[in-house]
Amino acid sequence: MHLQVSCRHPDGAWTTPLSPEWDSAATLVLAFGASGLSPEMGAVRELAERFPTSHVLGCSTAGEILNTSVLDGSLVVAVARFDSARLHSTSAPVSSAADSRSAGQALGAQLAGDDLRGVLVLADGIQVNGSELVRGISEKLPRGIPITGGLAGDGRDFRKTWVIGGNNSPPAGPSRGGPPHGRAAALGFYGKALRFGHGSKGGWDIFGPERLVTRSQGHVLYELDGRPALALYKEYLGHRASGLPATALLFPLALRSEGGGPQIVRTVTGVDEDLQSMTFAGDIPQGSVAQLMKANFDRLIDGAGDAALQTASQWEEGAPVLAIAISCFGRRMVLGERCEEELEAVREVLPAASQMIGFYSYGEISPYVAGGGCELHNQTMTLTTISEAHP
Amino acid sequence: MRPHRLLDRQLRKLGLTNGALPTSLDSWNALLDRISTTYAEADEDRYLLERSLSISSREMRELSQTLQSNLEKRVAERTEELERARRRLKSQERALVDLARVASLPSDNLESELRHLTAGSAQTLVVERVSLWLFNAERTAIVCWDLYELTGGQHSAGATLETASFPTYFAGIPGSDVIAADDAQADPQTRELTDSYLKPLSITSKMDIPIRVRGETMGILCHEHTGLRRSWEADEESFALAVAGLAALAIVGYERWHALRELEKARAAAESATRAKSHFLASISHEIRTPLNAIIGMSELLQRTPLLDPQREYLGTIHTASEILLALVNETLDFSKIEAGKLDLESTPFDLQKCLEQALNLVAPKAKAKGLELRCTLGRDMPRRIVADPTRLRQILVNLLDNAVKFTARGHVAVTAEWQASAGVTGELHLSVSDTGIGIPANGLSSIFTAFLQVDTATTRQYGGTGLGLAIVERLCELMGGSVTVESEEGRGSTFRVRIRAATAGEVASPPAETDHSSRLPAVPPLRILLVEDNPVNQLVVVRMLESLGYASPLVAADGEEALEVLHGERCDLVLMDLHMPRMDGIEASLRIRDVFTEEERPAIIALTADAIEESRIACRDAGMAGFLTKPFRLEELQACLEQFEGAAVTKRP
């Protein structure tokens, strides 16, 4: 595998010139850019023109990641040309949370095939219900195929995101595969030589007792153990509740299904004093069990390193590794200036021949542990590593 | 010491690896800043954890209190529920006990029994309609024997359902213990009844119990609820099952009552027939004995007068024939009494030696006439007095001795008596009667005790007899808890051995003696005797008998009243009292004598009657009579009887 990364600063300068001669059907061009960039013109469009046969995939962010740097307003790009692995990309429109599952099924159906090693998914961060999308894709793939990725971001604004990619769609416009908003794109990696690693970790501390979700609808939680959710939440936060809703980021909710299973994390995106309800960046199924969480800088940073460690079994020794870091926008808010430290914690673990790009997202997609069912997470560092065995 | 992993990272971030000192104020401040932040975070963490802990504790406390109070409430509710169930079961139990009391007796009034059951079940289970139906004989229809309606408390009956009209319902009855339908109009078991039965009567729930007798379904007990549908409880089903069981019992009781009535009728008829036979035998024997008495008595007396030889011969024949006739009558009567189970044995103490002597005395004249020797041997340990029935024992001995004398032409007849003691006073009396007579052929031994059978018809012709004597002996021995056996050799003689269960009563008998009865003669008795007898012929017979025995002529009275008059004027030692007399009979007279005279003045009374039946004997004893002679009696019997009283009378005499 040949690998190069580069970054185009807001002033238009590239840190490293791109290598369009690598353009091929086995070339992946991965791009994460500011939501302010237009996917239909300028630098983003240029990528598609310079790599016409490659699989160009990308989305808008709430912060771009290039190795240990966090950037805003830039476009970070990784170009990887595979020696023997095969690629297949596709996309589907998603106009609402309701059709997320069927869009996922459409993507999954396109990608299913021999030697599929893993799937990378990027989707609209505003209009898509990530949980349903992942469910749809999983339904069409054999069990155990890992699906990783994330939901596109829009800085701190939550207004509009874009997604590009999907070679199978007809070239109708500057970004191949249809309009960039309300869209999900997926890329399948195939071949025996391909190594697809993934790790995902929150690093949040749980506290307080587990409580049953007694009333909820979609992303909105109304009652825990028959009591108004917001009142209960505030009671536990004490004086820390005075900063709501801004401080809500520091106190996500851990969820698991009643029968057991791994805990996943849901970030609070809003509260409603009148209804005493809370809105989350993800489903809160009624009947599941919830528990409060709190942030601790050191532990969050440790968590990122742990996510990197989970991928270690899939690194091809001595070969370059493409690490795709998708971290939660919530973590960036919590860590603030110290968010580069979580990237450093990851980078310290990865082998020297690695290059890391990624973005702060509105939701991360990953199996919680290797081989498990794929889930949409919040508040995690989700790391995907791609490498190729020597022929 | 290596710094903490997290501090180590902070230091590396600031470029302070390997224990390097901060190179500038800025980096020093940055380090302090980071350390300070970590402390602040630790504080926050602790704040949240402590807060969550205290809230959780409070919630747990509250939860525990809620649980406790819920639990208490639930326990109270459950207790109340159980109490209600207990009361209900108790009332069901009481009702069942009441109903069972009525249903389990044999009764002729089945309708009334069934009414008890329907009303009892309706009231206990609070069911509007409880009805009891029984199949007709052809099982083509089921008929309502009783319907009780709770509202109004009315009973009615008579409705009929054709089984052919409701095939599913009736087909289900034999295989079910309970047909319980909470929604009777929809339930497949009872749905068929909806239009013609359930709807018109507003029945919503139904619980029917088949009534089975000896495995056969006789009918059904129906519980029919009106109004809102009702769910039948298990205890209600059990109760209804028990009531259906009681209904089956009532039906069985009814059948049993009928069977008992039939049995009672048959028994009454049999008893009346037996009574009639008994009465006939008693009266006929009385009627026969009275003239026989005259014949025997007169022929005996006549024999003592001077007669021509042919006259004496004819008279002998008359006398023998009449004695045979008497024996026949007596034996027939005895045997029929034994066969009818009417023979009651006495159990009194008596002198065995005397009993033997009396029996020997009766056969002594015949033996003497044939030139036979009579011997009697008593065993060494023989008690003087034993407890048994002396009359019947004597009868056994007389029968055996009579036979022995009858079938022996020369030689002797010997009696032995031995006592075989067992536990305490009880023991066995062993008697044997042996002779040197003709004996019994081997082929006749097995049937010798069979009634109406003699060894052969030639025997009958030669020796006479009824063929009942040995049968009676055997039956009496058995009644007395013993047996009789025989050993015999044809031409050499026979030995009959009798074993009878008895008890001792007092001292051992006097030393054994071999007595020669053949030469025994009566002493001259100085007794003063009153004869009470209404029949002039019998009067004459007895008077002559007494005279011939050497007694002074007795005083004579024709009835009880006359006897009392005589006794008031003259003191007597002994009264011979006929029982059946005009004006005052013998029993009444005896009672008067007992009442009027002191023990010193009172004469002994001997009953004379043609009534040979046991009842008369008992009546006599109860009236204070000391002896009993059955007419016709022979001289020897009268003599034996009088001798018993001689000694007593002499000592009493001043």
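Residues numbered from 1 in each chain as written. Chains lettered and ligands numbered in written order. Predicted model: local features only at pLDDT ≥ 70, side-chain atom pairs only at ≥ 80, totals over all residues.

## Re the overall build of chain B
Scanning chain B for helices and strands turns up 17 helices and 19 strands. In chain B, which comprises 654 residues, the proportion classed as buried is 32%. Considering only contacts within chain B whose residues lie at least 6 apart along the sequence, 65% involve residues at least 24 apart. (Helix = DSSP H or I, 4+ residues; strand = E, 2+ residues; numbered from the N terminus. Buried ≥ 20, exposed ≤ 12 C-beta atoms within 10 Å, placed from the backbone. Contact = placed C-beta atoms within 7 Å.)

## Quick look at the overall build of chain A
Summing up its helical and strand segments, chain A has seven helices and 25 strands in all. Per-residue burial for chain A yields a buried fraction of 57% across its 391 residues. For chain A, the share of sequence-separated contacts (at least 6 apart) that also reach a separation of at least 24 residues comes to 81%.

## Points about the interface of chain B and chain A
At the interface, 13 residues of chain B touch 11 residues of chain A. Put simply, the parts of the chain that give the side of chain B that touches chain A at least two residues each are helix H1 (5-13) and helix H2 (25-103) of chain B. Among the elements that take part in the side of chain B that touches chain A, H2(B) stands out by supplying 11 residues, more than any other. Residue classes in the side of chain B that touches chain A are distributed as five nonpolar, four polar and four charged. (Nonpolar A, V, L, I, M, F, W, Y, C, P; charged D, E, K, R; others polar.)

## Here's the deal with the packing of helix H7 (residues 309-339) of chain B against helix H12 (residues 469-479) of chain B
Residues and elements named next belong to chain B. The interhelical angle for the contact between H7 and H12, taken along N-to-C directions, is 35 degrees, at an axis separation of 10 Å. Crossing of H7 over H12 shows left-handed handedness. The segment H7 lies against H12, with Glu331, Asp334, Phe335 and Ile338 engaging Gly469, Ala471, Ile472 and Arg475. Class assignment of the residues belonging to the contact of H7 with H12 gives a composition of four nonpolar, one polar and three charged. (Axes fitted to C-alpha atoms, helices over the stretch in contact; angles between N-to-C directions. Left-handed = near helix turned anticlockwise from the far one by under 90°.)

## Some details on the pairing of strand S18 (residues 268-272) of chain A
All names here are of chain A. As paired elements, S18 and strand S19 (residues 277-280) share four bridges and run antiparallel to each other. Bridging across to S19, valine 268 finds its partner in phenylalanine 280. Where S18 folds back onto S19 in an antiparallel hairpin, the turn is made up of four residues, including glutamine 276, whose phi is positive at roughly 55 degrees. (Pairing = 2+ DSSP bridges.)

## Digging into the sheet that holds strand S10 (residues 163-164) of chain A
All names here are of chain A. Spatial ordering of the open sheet is given by S1-S6-S2-S3-S10, a layout of five strands whose pairing is mixed. Each having just a single partner strand, strand S1 (2-8) and S10 make up the two edges of the open sheet. Across the sheet, helix H1 (residues 42-50) lies against S1, strand S2 (27-34), strand S3 (55-61), strand S6 (75-81) and S10, angled at about 175 degrees from S2, the strand it touches most.

## Focus on the sheet that holds strand S25 (residues 381-388) of chain A
Strands belonging to one sheet form pairs held by backbone hydrogen bonds; the direction of such a pair is parallel or antiparallel. Residues and elements named next belong to chain A. Taken in spatial order, the six strands line up as S5-S4-S22-S21-S25-S12 in an open sheet, and their pairing is mixed. Sheet topology places strand S5 (69-71) and strand S12 (194-201) at the edges, where each strand pairs with a single neighbour. The sheet shows a mean angle of 15 degrees between the axes of neighbouring strands, direction not considered. Across six bridges, strand S21 (residues 321-328) lies against S25 in antiparallel orientation. The residue bridging leucine 322 from the neighbouring strand is isoleucine 386, located in S25. Packing of helix H5 (residues 297-310) onto the sheet brings it into contact with S12 and S25, and relative to S12 it is tilted by some 155 degrees. Across the sheet, helix H7 (residues 339-349) is in contact with strand S4 (64-66), S5, S21, strand S22 (354-361) and S25; its angle to S5 comes to roughly 135 degrees.

## Remarks on unusual backbone geometry
Located in the positive-phi region is A:Gln276, a residue other than glycine, with phi close to 55 degrees. Tracing the backbone shows A:Gln276 in the loop between S18 and S19. On the neighbour-count criterion, A:Gln276 (18 C-beta atoms within 10 Å) is partly exposed. Look at B:Arg214: it is not a glycine, yet its phi comes out positive at around 50 degrees. Looking at the element boundaries, B:Arg214 is found in the loop between strand S6 (203-213) and strand S7 (216-226).

## Observations concerning the confidence of the model for chain A
Mean pLDDT over chain A: 87, with 94% of residues reaching 70 or higher. Predicted confidence is poor over residues 168-175 of chain A, with pLDDT under 50, and the contacts of this stretch with residues over four places away or in other chains come to 20 contacts. (pLDDT = per-residue confidence, 0-100.)

## Let's talk about the nonpolar core
With 119 residues, the main nonpolar core has A:Val121, A:Ala123, A:Ala184, A:Ala186, A:Ala325 and A:Val346 as its most contacted residues. Those residues in contact with A:Ala123 that lie beyond four places of it in its chain are A:Val94, A:Val128, A:Gly130, A:Leu133, A:Leu151, A:Ala152, A:Val163 and A:Ala184. (Core = buried A, V, L, I, M, F, W, Y, C linked by C-beta atoms within 7 Å.)

## So, H1(A)
All names here are of chain A. Among the residues of H1, Val44, Leu47 and Ala48 are the ones counted as buried. One side of H1 carries all its buried residues, which in axial view fall inside an arc of 95 degrees. Those residues of H1 that are buried are in contact with S2, S3, S6 and S10. (Arc of directions from axis to C-beta.)

## Topic: the pairing of S2(A)
Residue and element names in this part refer to chain A. The element S2 is extensively covered by neighbouring structure, given that eight of its eight residues are classed as buried. Examined bridge by bridge, S2 and S6 share seven bridges and lie antiparallel to one another. Each bridged residue has a counterpart across the sheet, and for leucine 30 the counterpart in S6 is alanine 78. With H1 bridging S2 and the parallel S3, this β-α-β connection has right-handed handedness. (Right-handed = clockwise from strand over helix to strand, strands pointing away.)

## What about helix H9 (residues 390-406) of chain B?
Along its 17 residues, H9(B) runs 23 Å from first to last C-alpha, staying within 8% of the 24 Å computed at 1.5 Å per residue. What H9(B) keeps buried is the set B:Arg392, B:Leu393, B:Ile396, B:Leu397, B:Asn399, B:Leu400, B:Leu401, B:Asn403, B:Ala404, B:Val405 and B:Lys406. (Expected span 1.5 Å × (residues − 1).)

## Re the packing of helix H8 (residues 352-370) of chain B against H9(B)
Residue and element names in this part refer to chain B. With their axes 9 Å apart at the nearest point, H8 and H9 run at an angle of 20 degrees to one another. The orientation of H8 with respect to H9, classified from their angle, is roughly parallel. Here the hand of the crossing between H8 and H9 comes out right-handed. Across the interface between the two elements, Cys355, Leu356, Gln358, Ala359, Leu360, Leu362, Val363, Lys366, Ala367 and Lys370 from H8 touch Pro390, Leu393, Arg394, Leu397, Val398, Leu401, Asp402 and Val405 from H9. Along the lines of polarity and charge, the residues of the contact of H8 with H9 split into 13 nonpolar, one polar and four charged. (Parallel < 35°, antiparallel > 145°, perpendicular 65-115°, else oblique.)

## Digging into the confidence of the model for chain B
Residue and element names in this part refer to chain B. Averaged over every residue, the pLDDT of chain B is 84; residues scoring 70 or more account for 92%. Per-residue pLDDT stays below 50 along residues 508-525; that stretch engages in 33 contacts with residues further than four places along the chain or on separate chains. This model gives residues 650-654 a pLDDT under 50, and the stretch forms zero contacts once residues within four places in sequence are excluded. Both scores are available for the predicted complex, with the pTM at 0.49 and the ipTM at 0.70.

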